[in-house]
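Structural overview
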Amino acid sequence: MSKIGIIGGSGLENPEILKSPEEKKVDTPFGETSSPLLCGTINETDVVVLSRHGWEHTIPPSKVNNRANIFALKEAGCTHILSSTACGSLREDIRRGDLVIPDQFIDFTRHREITFFDEFEPGNMNHTPMADPFDENLRSLIISSARNLGLSIHEKGTVITIEGPRFSTRAESRMFRLWGADIINMSIAPEVILANEVDIPYAAIAMSTDYDCWKDDEAPVTWEEVLRVFDNNVHNVLLLLKAVIPLIE
């Protein structure tokens with residue numbers, strides 16, 4: 001039986017999609033999780049929700065305990081992880097409110113714990129393959145479900161994760177575009193890396209809320225704008241989660 005972990009990001013701290021929710025705290029060797037786990041069901045499928053930044057959004061991106069979060073979802077028996085995140089668009093055709101299902105990432109973080117393997121056992125060097133970090137089966141289910149719902153979706157894209165909590169300079173934003181990044185956020189890495197290390201299929205639903213600061217004809221991104229756009233469109237993310245979760249086997 002599948003049990004789906006949902007990691008909620010900006011604007012999704014208080015999910016109302018669970019039936020019979022129960023709060024559960026999981027002790028981990030890496031410290032406390034960002035929030036207690038909220039366990040329940042969606043369309044008869046077991047689901048565990050974790051708030052990446054805490055229920056009150058008090059944890060900055062660099063301080064998220066990603067190792068504890070992924071470890072706790074693994075311990076709770078999650079077989080798959082779906083992650084939601086706000087993002088900035090680095091492409092003209094990715095508009096505010098559009099959903100992007102990334103297939104690649106660039107890790108531009110500097111100060112985070114990025115692996116479970118602090119040391120190797122003799123003869124067991126844990127170099128995790130990362131060529132295709134987002135699970136293709138999950139991505140396909142999300143894309144087909146989004147199409148059926150008539151949502152504006154981009155079926156692939158490269159997300160670059162920056163350290164935060166500050167936003168980019170114009171020079172950085174333009175550099176990321178030259179590198180081939182399509183969207184930018186502060187959360188996917190090392191979350192996706194750690195999920196791969198413990199063999200949990202992982203996919204992300206990213207909502208574009210702004211154009212970062214590379215466009216001269218747009219005002220630079222602000223936190224208030226991110227929340228405004230996400231709050232106005234978060235119902236699409238919830239609809240998509242409800243549609244795709246029963247399809248995961």
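Scroll up a little and you will see the structure.
Let us look at the structure shown here. Values in this document were obtained by computation on a predicted structure and should not be read as measured data.

What to know about the state of the cysteines
- This model, assessed by the stated rule, comprises zero disulfides.
- Of all cysteine sulfurs in the structure, the one in Cys 78 sits closest to Cys 39, which takes part in no disulfide; the separation is 7.7 Å.
- Just so you know, Cys 87 is unpaired, no disulfide at all, and the nearest cysteine sulfur is the one on Cys 213, 15 Å from it.

Quick word on the packing of helix α1 (residues 66-75) against helix α4 (residues 188-197)
- Axis separation between α1 and α4 bottoms out at 9 Å; the angle between their running directions is 40°. Classified by the angle their axes make, α1 and α4 are oblique. Considering the relative orientation of α1 and α4, their crossing is right-handed. Two secondary-structure elements touch here, α1 through Asn 66, Arg 67 and Ile 70 and α4 through Pro 190, Glu 191, Leu 194 and Ala 195.

Focus: the pairing of strand β4 (residues 45-51)
- Among the seven residues in β4, six count as buried, and that is most of the element.
- Pairing between strand β1 (residues 3-8) and β4: six bridges, direction parallel. The residue bridging Ile 7 from the neighbouring strand is Leu 50, located in β4.
- One ladder, built from five bridges, connects strand β3 (residues 37-42) with β4; its direction is antiparallel. Looking at the pairing, Ile 42 lines up with Thr 45 of β4.
- Counting the residues between successive antiparallel strands, the hairpin from β3 to β4 contains two residues, one of them, Asn 43, with a positive phi of roughly 50°.

Description of the packing of aromatic side chains
- Enumeration according to the criterion identifies seven aromatic pairs in this entry.
- Both rings, one in Phe 30 and one in Phe 116, keep their centres 5.3 Å apart while their planes meet at 55°; by these two values the pair is tilted. You can see Phe 30 sitting in the loop between β2 (19-24) and β3 and its partner Phe 116 sitting in the loop between β7 (104-108) and α2 (136-149), a full 86 residues away along the chain.
- Accessibility expressed as a relative area gives 23% for Phe 30, which makes it partly exposed.
- Arg 177 extends its terminal NZ or CZ atom over the ring of Trp 214, reaching a point 3.8 Å from the ring centre.
- Lying across the ring of Tyr 211, Lys 215 places its NZ or CZ 5.2 Å from the centre.

What counts and how
- Residues numbered from 1 in each chain as written.
- Predicted model: local features only at pLDDT ≥ 70, side-chain atom pairs only at ≥ 80, totals over all residues.
- Heavy atoms only, no water.
- Disulfide = S-S within 2.5 Å.
- Axes fitted to C-alpha atoms, helices over the stretch in contact; angles between N-to-C directions.
- Helix = DSSP H or I, 4+ residues; strand = E, 2+ residues; numbered from the N terminus.
- Parallel < 35°, antiparallel > 145°, perpendicular 65-115°, else oblique.
- Left-handed = near helix turned anticlockwise from the far one by under 90°.
- Contact = heavy atoms within 4.5 Å.
- Buried < 20%, exposed > 50% of the residue type's maximum accessible area, 1.4 Å probe, protein only.
- Pairing = 2+ DSSP bridges.
- Phe/Tyr/Trp six-rings, centres within 6.5 Å; stacked < 30°, edge-to-face > 60°.
- Lys NZ or Arg CZ within 6 Å of the ring centre and 35° of its normal.

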